[in-house]
Amino acid sequence: MKKKKLNCKTGLKKNIIKKDVFDREVALCKKLAKKNKGKCGWGKCNDCGVIPLLYKLHKGKLLEKPADLTRIRKNIFK
């Protein structure tokens, strides 16, 4: 049996993490961003990969285009 090549869309599906986990983690990002002026122990919020990863795991969507990443981060950190 030939193995499927691994890529960003391999196994991509919704609700890998539940909505309450997604909401809690996004809320934590917002809280830390506000408290620490746009950064936390993981780096600067505008460059962070946590939000795209959370979206991928909960919504089943890849955020790879710079415009999409900027829009989502603005919505979260406004």
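Residues numbered from 1 in each chain as written. Predicted model: local features only at pLDDT ≥ 70, side-chain atom pairs only at ≥ 80, totals over all residues. Heavy atoms only, no water.

Peer 1: So what exactly am I meant to see when it comes to the pattern of salt bridges here?
Peer 2: Opposite charge on two side chains permits pairing when their charged atoms draw close. Counted under the stated rule, the structure contains 3 salt bridges. A salt bridge links Glu25 to Arg24, with the shortest nitrogen-to-oxygen separation between them at 3.2 Å. Looking at Glu25, the relative accessible area reads 26%, which means it is partly exposed. For Asp68, the salt bridge identified is with Arg71, shortest N-O distance 3.5 Å. Placement of both Asp68 and Arg71 in helix 3 (residues 66–77) is noted, with a separation of 3 residues, approximately one turn of the helix. (Salt bridge = Lys/Arg side-chain N within 4 Å of Asp/Glu carboxyl O. Buried < 20%, exposed > 50% of the residue type's maximum accessible area, 1.4 Å probe, protein only. Helix = DSSP H or I, 4+ residues; strand = E, 2+ residues; numbered from the N terminus.)

Peer 1: Looking at this model, I keep getting lost on helix 2 (residues 50–59). Mind explaining?
Peer 2: An α-helical turn contains 3.6 residues, so a residue and the one three or four places further along point in the same direction. Along helix 2, the residues classified as buried are Val50, Ile51, Pro52, Leu54, Tyr55 and His58. Structurally, helix 2 contributes buried residues whose contacts are with helix 1 (19–35) and helix 3. Gly60 lies just past helix 2 and shows a positive phi near 70°. (Contact = heavy atoms within 4.5 Å.)

Peer 1: Can you walk me through the nonpolar core in this structure?
Peer 2: Most often, soluble globular proteins have nonpolar side chains that are buried together. Among the nonpolar cores identified, the biggest contains 13 residues, and Phe22, Val26, Ile51, Leu54, Tyr55, Ile72 and Ile76 are the most heavily contacted of them. Broken down by secondary-structure element, the contributors of at least two residues to this core are helix 1, helix 2 and helix 3. Broken down by element, the residue count for this core peaks at 4 residues, all from helix 2. If we ignore the near neighbours within four places in the chain, the residues touching Val26 are Ile51, Leu54 and Ile76. (Core = buried A, V, L, I, M, F, W, Y, C linked by side-chain atoms within 4.5 Å.)

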